[in-house]
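Spelled out, the chains give:
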Amino acid sequence: MEIIAADMEWQALAKKALSGECLTLEEGLSVLEADNDEVLPLLQAAFKVRKHFYGKKVKLNMIINAKSGLCPEDCGYCSQSIVSTAQVKKYTLLDKDTLLAGAREAMARKAGTYCIVAAGKGPTDKELDQVVDAVREIRETMPLKICACLGILKDEQAERLAEAGVHRYNHNLNTSKANYTSITTTHTYDQRIETVEKVKTHGMSPCSGVIIGMGETNQEIVEMAYALREIDADSIPINFLNAIPGTPLEHAGRTPSMKALKVLALFRFICPSKEIRVAGGREINLRTLQPLSLYAANSLFVGDYLTTAGQDVGADHQMIEDLGFEIELSAL
């Protein structure tokens, strides 16, 4: 009887999400604090919502680390930050030919979205010129959705990116407002919100997500989901901390696999119609349970991340096929 009651509870949350109602804090916490024995019925309920909006299609995204290891920010999770001693490659913004080659690689990996990511507080005018030049040629020659992630933007920079053809701009909230200063001090949570709003003003689709496993409470995880619902992020990457040696968070423990699945279900319930992406750290946090993540999420990064290796692309394609799901070949 307890199993049936729990199943009915999760189905009630799915029904609430599909009706457009937001989960209460108590309901959100119930998802994160559910017994591990309830994870399968919980995912079944999340899948009901996911299937309503996305069927069995999976969106694939590929990142290119367009500028590496020269960031003046002090983000505690990042191997490229000024406070990191991690051994990472350091280089200025890649040239246009290299960015174009990355776009062709994204297409070879069946990724519909190509993400140009550059570490730093925000782009210089010269860097923006380089990105704009590459984006224009990609748009003219390849059927790819382009996402840029270049840090905090000025109005005129956002306008130029939109005019060049950038479809989406990523600027993650990363953690809760209450937890923010324990992670980063060189910019504020509010500055991140402002950048997301600026992106929307200039007609680009907002992409913003979180990193789970940085000392936040369960209540703060629910609050993160509320914040992303409030700013109406179209695409929400859910990262699970990969604690890199040499970073301030190097000793943080991994998120248990079952907890990670509950987090994905929570975000599906609170942001039901949005692209929920299983992002960085999925390989070491979800481990063998990665396939189950796609019952709540509908999107993956394929290939490597910024400074860490991802799962083999062939293994990702096989995982999707084995689930009976289908890669969405065009994101346009």
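Note: the structure precedes this text.
Per chain, residues are indexed from 1 in the order of the written sequence. In keeping with the model being predicted, local features are shown solely for residues with a pLDDT of at least 70 and side-chain atom pairs are shown and tallied solely at 80 or more, while totals for entire chains, interfaces and linings include all residues. Excluding hydrogens and water, the side-chain figures rest on all heavy atoms present in the structure.

Draft legend 1. Representation of the overall build of the protein chain. We count a stretch as a helix when DSSP gives it H or I for four or more residues in a row; a strand needs E for two or more, and each element gets its number in order from the N terminus. Looking only at helices and strands, the protein chain has 12 helices and 10 strands in total. When we talk radius of gyration, it's over C-alpha atoms, and the globule rule is simply 2.2 Å times the number of residues to the 0.38. For 332 residues, the compact-globule formula gives about 20 Å, and the C-alpha radius of gyration of the protein chain, at 19 Å, lands near that figure. With respect to the principal axes defined by its C-alpha atoms, the protein chain has extents near 65 × 40 × 35 Å. Residue contacts follow a heavy-atom distance rule, with two residues in contact if any of their heavy atoms lie within 4.5 Å. Long-range contacts, defined as pairs at least 24 residues apart, comprise 76% of the intrachain contacts of the protein chain with a sequence gap of at least 6. Accessible surface, the protein chain: about 13900 Å² in total, of which carbon and sulfur atoms supply 52%. Here Asp and Glu are counted as negative and Lys and Arg as positive; His is not counted, and neither are the chain ends. One atom stands in for each charge, and that atom is NZ of Lys, CZ of Arg, CG of Asp or CD of Glu. Between the averaged position of the 36 positive side-chain charges in the protein chain and that of its 44 negative side-chain charges there is a distance of 3 Å. Accessible areas in this description were obtained via Shrake-Rupley with a 1.4 Å probe; residue shielding takes into account the shown protein chains only.

Draft legend 2. Geometry of the nonpolar core. In this structure, V31, Y114, L161, I238, F267 and F269 are the most contacted members of the largest nonpolar core, which totals 91 residues. Residues contacting I238, with those up to four places away along its chain left out, are V210, I212, V263, L264, F267, I276, R277, V278 and A279. Throughout this description, the term nonpolar core refers to a set of buried Ala, Val, Leu, Ile, Met, Phe, Trp, Tyr and Cys residues connected via side-chain atoms within 4.5 Å. Three exposure classes are used, based on accessible area relative to the maximum for each residue type with a 1.4 Å probe and protein chains only: buried under 20%, partly exposed in between, and exposed over 50%.

Draft legend 3. Representation of the side chain of E328 within the structure. Its location among the elements puts E328 in the segment after β10 (326–327). Here E328 falls in the buried class, since its relative accessible area comes to 17%. Residues within four places of E328 in sequence aside, it is in contact with K57, V58, K59 and K110.

Draft legend 4. Broad picture of empty space enclosed by the protein. In this analysis the probe radius is 1.4 Å and the grid spacing 1 Å, with only protein atoms considered; a cavity is a set of points the probe fits into but cannot get out of, a pocket is an open set with protein on both sides within 12 Å along at least five of seven lines, and lining residues have an atom within 4 Å of a point. Grid points are joined across faces, edges and corners, and a volume is the space filled by probe spheres set on the points. Enumeration according to the criterion identifies 2 cavities of 30 Å³ or more in this entry. Empty space within the largest cavity amounts to approximately 900 Å³. Under this grouping Gly is polar, as are all residues other than the nonpolar Ala, Val, Leu, Ile, Met, Phe, Trp, Tyr, Cys and Pro and the charged Asp, Glu, Lys and Arg. For the lining of the largest cavity, the class distribution of residues is 24 nonpolar, 16 polar and 4 charged. Forming the walls of the second largest cavity are K59, L60, N61, G112, T113, K145, R168, E275, E328 and A331. Counted by class, the lining of the second largest cavity contains 2 nonpolar, 3 polar and 5 charged residues.

Draft legend 5. Layout of helix α4 (residues 96–108). Each residue after the first adds 1.5 Å to the expected span of a helix. If you check α4, its first and last C-alpha atoms are 19 Å apart, about what 13 residues at 1.5 Å a residue would give, namely 18 Å. Every buried residue of α4 is listed here: L99, L100, G102, A103 and A106. One side of α4 carries all its buried residues, which in axial view fall inside an arc of 155°. Turned more than 90 degrees from where α4 packs its buried face, D97 and A108 sit exposed. Lining the buried residues of α4 we find β1 (57–67), β2 (113–118) and α5 (125–141). K110 sits one or two positions beyond α4 and adopts a positive phi of about 70°. Read the arc as the range of directions from the helix axis to the C-beta atoms.

Draft legend 6. Region of the structure containing the packing of α4 against α5. Between α4 and α5, the least distance of the axes is 9 Å, while the angle of their chain directions is 40°. With respect to α5, the axis of α4 lies oblique. Crossing of α4 against α5: the hand is right-handed. Where α4 approaches α5, its residues K96, L99, L100 and A103 are matched on the opposing element by D133, A134, E137 and I138. Of the residues in the contact of α4 with α5, the class split is 5 nonpolar, no polar and 3 charged. Axis definition: a line fit to C-alpha positions, over the contact stretch in the case of helices; interaxial angles, taken between N-to-C directions, run 0 to 180 degrees. By definition in this entry, angles of less than 35 degrees are roughly parallel, angles greater than 145 are roughly antiparallel, angles of 65 to 115 are roughly perpendicular, and the rest are oblique. When the near helix sits turned anticlockwise from the far one by under a right angle, the crossing is termed left-handed; a clockwise turn instead gives a right-handed crossing.

Draft legend 7. Inspection of the pattern of salt bridges at higher detail. Salt bridge, as used here, is a side-chain nitrogen of Lys or Arg placed within 4 Å of a carboxyl oxygen of Asp or Glu. Summed over all chains, the structure comprises 16 salt bridges. Residues K96 and E137 are paired through a salt bridge, measuring 3.0 Å at the closest nitrogen-oxygen approach. Of this pair, K96 sits in helix α4 while E137 is found in helix α5, placing the two residues 41 residues apart along the sequence. Between E197 and K200 there is a salt bridge; the shortest N-O distance is 3.3 Å. Taken as a pair, E197 and K200 lie in helix α7 (residues 189–201) at a separation of 3 residues, close to a single helical turn. For K200, a relative accessible area of 29% gives the class partly exposed.

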